[in-house]
Amino acid sequence: MRVDFRPRPPEMIIDRGRLLGPLKEILEEAAGISGYTIEWRVAPFKESLQGLWTGQVDIVPRTIRNKEREKFIDYLGPIKEQIKDILFLVPKGKEESIRVYEDLYNLSVGVKAKTAYFPDFDKDTSINKISTEGEDYDLAQMLIDGRINAIAVLDRTAIEMAMKELNHSDYAYAQFRYEQTIGNYYGMSKKSQYAALYPKLNKTLLEMTASGRISQIYRKHEALAKTLSHIRIHLADTEKRWLAKNQELRLGIDPAWPPFEFIDTNGNYAGIGSGFIEAISDRLNIKMTPIPGLTWSQVIEKAKAGEIDVLPLVTRTSERDKYLNFTKPYLSFPVVIAVNKKTPF
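Residues numbered from 1 in each chain as written. Predicted model: local features only at pLDDT ≥ 70, side-chain atom pairs only at ≥ 80, totals over all residues. Heavy atoms only, no water.

Q: Just give me the short version of the overall build of the chain, but keep the residues and values in it.
A: Each helix and strand counted, the chain has 10 helices and 17 strands in total. The C-alpha atoms of the chain give 22 Å as radius of gyration, which agrees with the globular expectation for 345 residues (20 Å, within 12%). Seen through its C-alpha atoms, the chain measures out along the principal axes to roughly 65 × 65 × 35 Å. In the chain, which comprises 345 residues, the proportion classed as buried is 46%. (Helix = DSSP H or I, 4+ residues; strand = E, 2+ residues; numbered from the N terminus. Rg over C-alpha atoms; globule rule 2.2 N^0.38 Å. Buried < 20%, exposed > 50% of the residue type's maximum accessible area, 1.4 Å probe, protein only.)

Q: Any chance you could break down the sheet that holds strand E16 (residues 269-270) for me, citing the residues and the numbers?
A: The strand order E14-E15-E16 describes an open sheet built from 3 strands, whose pairing is antiparallel. Taken across any chain shown, the strands that pair with only one partner, and hence form the sheet edges, are strand E14 (256-257) and E16. Sheet topology places E14 next to strand E15 (residues 261-263); 2 bridges connect them, and they run antiparallel. Bridge pairing in E15 links Trp257 to Glu261. (Pairing = 2+ DSSP bridges.)

Q: Break down the nonpolar core for me, citing the residues and quoting the values.
A: By size, the foremost hydrophobic cluster in this structure holds 24 residues, and its most contacted members are Ile26, Ile59, Ile79, Tyr186 and Leu205. Sorting the residues of this core by element identifies strand E1 (2-5), helix H1 (22-33), strand E6 (73-83), strand E12 (181-189), helix H6 (198-211) and helix H7 (213-220) as the ones contributing at least two each. Of all the elements, H1 adds the most residues to this core, at 5 residues. In contact with Tyr186, other than residues within four places in its own chain, are Leu23, Ile26, Leu27, Ile59, Val60, Pro61, Arg62, Asp74, Tyr75, Leu76, Ile79 and Leu205. (Core = buried A, V, L, I, M, F, W, Y, C linked by side-chain atoms within 4.5 Å. Contact = heavy atoms within 4.5 Å.)

Q: Please set out the packing of aromatic side chains residue by residue, giving values where relevant.
A: Each aromatic ring pair is characterised by the separation of its centres together with the angle its planes make. For the structure shown, the criterion picks out 14 aromatic pairs. Both rings, one in Phe88 and one in Phe121, keep their centres 5.9 Å apart while their planes meet at 70°; by these two values the pair is edge-to-face. Of this pair, Phe88 sits in strand E7 (residues 87-91) while Phe121 is found in helix H3 (residues 119-123), placing the two residues 33 residues apart along the sequence. Each member of the pair, Phe88 as well as Phe121, carries the same accessibility label: buried. (Phe/Tyr/Trp six-rings, centres within 6.5 Å; stacked < 30°, edge-to-face > 60°.)

Q: Help me get a handle on the pattern of salt bridges, residues and values and all.
A: Under the criterion given, the structure shown has 26 salt bridges. Among the salt bridges present, the one from Arg213 reaches Glu29, with a minimum N-O distance of 2.8 Å. With Arg213 in helix H7 and Glu29 in helix H1, this residue pair connects regions lying 184 residues apart in the sequence. Given a relative accessible area of 26%, Glu29 falls into the partly exposed group. Across the pair Asp85 and Arg177 runs a salt bridge, and its minimum N-O distance is 2.8 Å. Note that Asp85 is positioned in the loop between E6 and E7 and Arg177 in the loop between strand E11 (171-173) and E12, a separation of 92 residues in sequence. Across the pair, exposure class does not vary: Asp85 and Arg177 are buried alike. It is possible to trace a salt-bridge network through shared partners that takes in Arg8, Glu11, Arg62, Lys84, Lys112, Asp136 and Asp155. (Salt bridge = Lys/Arg side-chain N within 4 Å of Asp/Glu carboxyl O.)

By themselves, these are just geometric observations and shouldn't be taken as functional.
Structure follows, in C-alpha cells:
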C-alpha cells in the first residue's frame, strides 16, 4: 500500500532520512496482520490530500475528519482521542492582539492550504487568511517578514521547530485559543485499489486500540505525553493573569541523564521529561526553554538563586525543600543493587 508521511513530531519524525514514530509502526503492524506491506513516501499534506482524492495515495496518517473530506476518504480509527487546540502565534508583545475570536477580523492570519483548523474558522470568509502552499517554515518566514500578523497553529512542535531553524525566538502565543478534542485517524482513499481492505484494517486498528497495543507503541516512542491530557486544566483568574505576563519559563535540566532527560545529537531537549514538558507547555500556552550549557550542579545553584524557574526531573530532599516547591510525583522508578550471581552474599 502507498502511504504518505510528513514530519509531525513526535508522532511522525524524519531523522537523517529515516522515517520514525508511533504512527508509522502502528500502521505497519496493522497492515502486516492482514498480509500487506507499506511503501512510504514523504510529501506535503496538500499533495497527500490530492492523492487521496485521486486514489494515487492509499493512506495518509493523522488526517483530520470533516464532512467535505468524507466524500473521498474512509477513516481508519480513531486510534486516540486527543486535545488539539488551535493556537495563534504572534510577534512577542502582541499576545493581547487576539483575546477573542472576533479580534481575528482585524488581522492577516497565515494558514496552510487545505488544512482543517476548526469549522467556524475554516468557513469564515470575513477573516483575511493568507494561504501558503508550503509548510511551517514558509509561515514562520512570513511572520518574521511582517507579511502576516499571526499564524493559525495546528501543530505547535512543527512551527516552533521552524522558528528555531530560522534562528527566531521573538514570538509568543495569543491569549485566544480554540479548544477542541479530535480523533486521531488514518485517512484511506475511497478510490484506493485496496479499498475493499478497509473494514478489516479498521477492525484491526480498533482492536489494537482496545487491547492497549496502541498505547504501548506510543510509550515506546516517548510520544504518549502528547496525548495524555484528556482533562483540561482549569485555572483561576489570578493564575491566568500570571501566565499571561510570564509566557516564557526558564528550564533547568540534566544534559546527560538518558532516558529521563538529555540533549540529543541535534542539540534538542529529549527524553521522557521532554514529552511531559511539551504537553504542559501546550496545555498552558507557554514556552519552557532549557538554559543551555549547564551541568546539573550549576542548574541547582541557579535554581537556588532564582535564575531558573522549573526543574522537570528532580528528586525531593529536605535541603531542596528550602528553595523549591515540589509537585506530586509523576514518575516512579525503583533503585536496586545488582550483584553477580556467583557473589556469595
